[in-house]
Amino acid sequence: MIRAKTPSLLSSILRGYTWVILLITVGTSAVIFTTFRSAFRERAMEDLTRSAYALVPMMQNHINSSSASTSRLDSLVNTVAPNMGTRITVIGRDGSVIADSEKDPGEMENHRTRVEVIAAFNGISGHSVRFSETLGREMLYAAVPVTVEDSIVAVVRTSLFFDSYSAAMSPIVKEMFFIILIALAIAVFSGLIISRRIANPMSNLADVADRVRRGDLGARAAPGHTREHNSLASSLNETLAKNEELIHDLSTSNSRNRAILQSMVEGIAVISKDSRVLLMNDSFKTLFNIRNSERELPTEITTLFQQADISPEGITRYESKIIAYSQAPVEGSGDFVFSFRDVTKEVLLSEMKRNFVSNVSHELRTPLTAIKGYGETLKDEVKGESHRYLEVILRNTDRLIALVSDIQTLSEIESGADFLRIESIPVSEIFSTVMPLFTARSEEKGIPIVLVQAKTDIKIKADCYRIEQVFVNLIDNALKYTDSGSIEVRASTRGELAVFAISDTGRGISQEAIPRIFERFFVVDRSRSRKMGGTGLGLAITRHIIEAHGGTISVSSTPGQGSIFLFTIPVS
Ligand code: ADP
């Protein structure tokens, strides 16, 4: 619509140019014509005045002659006028017309008030240009006084039709008009050529822009005739070349990303702020049984997207599937990228494994307890070699019971975070339960366990039974691996955390072993650990419990001098 109404650059320039030329031509012609006309009129007026003066001696002669009469004068005027090519009128002192070459003086009105006549009676030549209402034509008048013996006796007036004079101008005007027309045609034609030279390169640029808009990335502007156009065209071409390269790179990287996306086992979806799916790969469709044509997502999934406080990763269920997801925001857009993985098999497998471990541990506990019971009964009755064998059996039974118990604890902990019963516990209460457990062994080994600068008046957010288990494990290890010196237990706070430290003066742990110390079944010295009844699971359990409480554990040690186990638990 706009396109149809908007004129082209060529027609705009041409139209403007033609108007200017036309105005200049018409203006110039008008000025020339009026100048010519007024010069003509002036010239005619001069001629008329001269003619009037030429008549004055004749008038004087006639007035002075003895046979002077009005009729004679009138016939004289009628004789002279055709030769002079003007109308001649003689006006008496009273303003009455005495003689006239065109009309009967008797029929003519008094001329006293005529401008040129008044001037002539005042002794100077008078002129006037008037439109004659009666004749309907423009007339020129010149009047001069006729003086006899220093007094003005009459006025001679000559007059003519100015249009007849103007008619003489007509061939000149015609010629001028013809020349102007030719000049106008040449100007318009050259204007057309100039306009084309300006407009063509511009329309070439517009054409290139339009082709690019329609997707022709190879379109380039042609060079023109002017420096400005060439500079514009080369800048445009450079920009277009860069854009083409950029778009090519983008589309390559886009196809690469698409291929990566499609080849992924994980279901990937990009979700907008208002839960619309902007992008999804085939794995996502397979995972959520979405047909290719479908854009609507199952409500289970959209509700997951809509949760304001959705965690960065988690587990959700869809139909019979267990699906692990993780999400990350797309910076600057408000969209989210979700990654989904079907973990049904893994979850079921680990559940089976946990159940199996739990069942086996449970089933083993009964026969082991029976073996231990019967063994202890027998130990008092059997002497000698058999007694020693029984002691070995009992020691190994104890190890087996500890192992089964640790495995069961670990599988309980791994079953999920809800194994904890969090409450607010005073630290003093924990110490008063745990410390007495070691009194006998500490005295037996001659290694005191002391509370140093312990802030026992704080409370922590913890599962009482599990946190006691942590202290028991760490103090038990310290006692086990320390032969002389002492064990110190410290408690302090750091911000929202309670910090506990269990340090010993034992044999310490080598730097190589430290990173692996919290792994399951990791023991530094297997034979010694076995002798001590260790399972290699204590520290693994300890770390799990602390981390489930939201705390951390670390160890620092100097071989031969001792170790320090530091852990944190949130204060309540
Ligand atoms: P274990 O039941 O064998 O003690 P843990 O998981 O409790 O198993 O400990 C793993 C290993 O870490 C132990 O075998 C031991 O070598 C080392 N360890 C743990 N605590 C200490 C300590 N206080 N001093 C020296 N070594 C230690």
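Residues numbered from 1 in each chain as written. Predicted model: local features only at pLDDT ≥ 70, side-chain atom pairs only at ≥ 80, totals over all residues. Heavy atoms only, no water.

Digging into the site of the ligand
Taken together, 20 residues lie around the ligand, and N477, D504, S529, T535 and L539 are the ones closest in. The side chain of N477 places a nitrogen or oxygen atom 2.8 Å from an oxygen atom of the ligand. Here the ligand, which alone exposes 530 Å², has 98% of that area covered by the protein. Those elements that provide at least two residues to the shell around the ligand are α13 (464-480), α15 (538-548) and β17 (562-570). A total of 3 residues in the shell around the ligand trace back to one element, the largest contributor, which is α13. Considering only residue class, the shell around the ligand consists of 10 nonpolar, 8 polar and 2 charged. (Near = heavy atom within 4 Å. Polar contact = N/O pair within 3.5 Å; in protein donor to acceptor, adjacent residues only side chain to side chain. Areas by Shrake-Rupley, 256 points an atom, 1.4 Å probe, with all protein chains shown as cover. Helix = DSSP H or I, 4+ residues; strand = E, 2+ residues; numbered from the N terminus. Nonpolar A, V, L, I, M, F, W, Y, C, P; charged D, E, K, R; others polar.)

Comments concerning the domain arrangement of the protein
When its domains are assigned, the protein resolves into domain 1 (10-168), domain 2 (219-255), domain 3 (264-342), domain 4 (347-414) and domain 5 (423-570). Using only C-alpha atoms to locate each centre, domain 2 and domain 4 end up separated by 81 Å. (Domains from an automatic or database assignment.)

Things to note about the nonpolar core
The biggest cluster of nonpolar side chains holds 46 residues, and the ones touching the most others in it are I460, F500, I502 and F567. Top contributing element to this core by residue count: α13, with 8 residues. Contacts of F500, omitting those with residues within four sequence positions, involve V427, F431, I460, F471, R490, A491, F565, L566, F567 and I569. One finds A269, M280, Y318 and F338 within the second-largest nonpolar core, a separate group that totals 17 residues. (Core = buried A, V, L, I, M, F, W, Y, C linked by side-chain atoms within 4.5 Å. Buried < 20%, exposed > 50% of the residue type's maximum accessible area, 1.4 Å probe, protein only. Contact = heavy atoms within 4.5 Å.)

Focus: helix α3 (residues 70-84)
Taking 1.5 Å per residue as the helical rise, α3 with its 15 residues ought to reach 21 Å, and the 21 Å between its terminal C-alpha atoms agrees with that figure. Inspection of α3 places L73, D74, V77, V80 and A81 among the buried residues, and these make up the whole buried set. Angularly, the buried residues of α3 cover 140° about the axis, an arc narrow enough to put them on a single face. In α3, the exposed residues that point more than 90 degrees away from the buried face are S71, T79, P82 and N83. Residues of α3 that are buried in the fold lie against α2 (9-64), β1 (87-92) and β2 (97-100). After α3 finishes, the residue G85 shows a positive phi value of roughly 75°. (Expected span 1.5 Å × (residues − 1). Arc of directions from axis to C-beta.)

A closer look at the pattern of salt bridges
Here the structure, examined in full by the defined rule, presents 22 salt bridges. Taking the shortest distance from any N to any O, the salt bridge between R516 and E519 comes out at 3.0 Å. Exposure remark for R516: the relative accessible area of 42% places this residue in the partly exposed category. In this structure, a network of salt bridges that share partners links the residues R37, R41 and E138. (Salt bridge = Lys/Arg side-chain N within 4 Å of Asp/Glu carboxyl O.)

Looking at helix α12 (residues 427-445)
Because an α-helix packs 3.6 residues into every turn, residues spaced three or four apart end up facing the same way. Taking 1.5 Å per residue as the helical rise, α12 with its 19 residues ought to reach 27 Å, and the 26 Å between its terminal C-alpha atoms agrees with that figure. The principal kink in α12, of about 40°, is found at T439. Three or more residues of α12 are buried, namely V427, I430, F431, V434, M435, F438 and S442. One or two residues past the end of α12 sits G446, with phi positive at roughly 70°. (Bend = angle between axes of the 7 residues up to and from the residue.)

A few points about the environment of V434
Its location among the elements puts V434 in helix α12. As for V434 and M280, which are separated by 154 residues in sequence, their C-alpha atoms are 56 Å apart. Beyond its immediate stretch of four places on either side in the chain, V434 contacts E468, F471, V472 and I475.

Quick look at the sheet that holds strand β9 (residues 321-329)
For sheets, the rule is that strands pair by backbone hydrogen bonds, running either parallel or antiparallel. Reading across from one edge, β7-β6-β10-β9-β8 is the order of the 5 strands in this open sheet, with antiparallel pairing throughout. Each edge of the sheet is formed by a strand with only one pairing partner; in this case those strands are β7 (277-280) and β8 (313-318). If you compare each strand with its neighbour and ignore which way they point, the axes differ by 30° on average. (Pairing = 2+ DSSP bridges. Axes fitted to C-alpha atoms, helices over the stretch in contact; angles between N-to-C directions.)

Brief notes about the pairing of strand β10 (residues 336-342)
Relative to β10, strand β6 (residues 267-271) runs antiparallel, the two being bridged by 5 bridges. In the sheet register, A269 faces β10, and the bridge partner there is F338. Judged from the 7 bridges that link them, β9 and β10 form a sheet pairing that is antiparallel. Looking at β10, one finds that A324 is bridged to R341. Linking two consecutive strands that pair antiparallel, namely β9 and β10, is a turn of 6 residues; a positive phi of about 85° is found at G332 within it.

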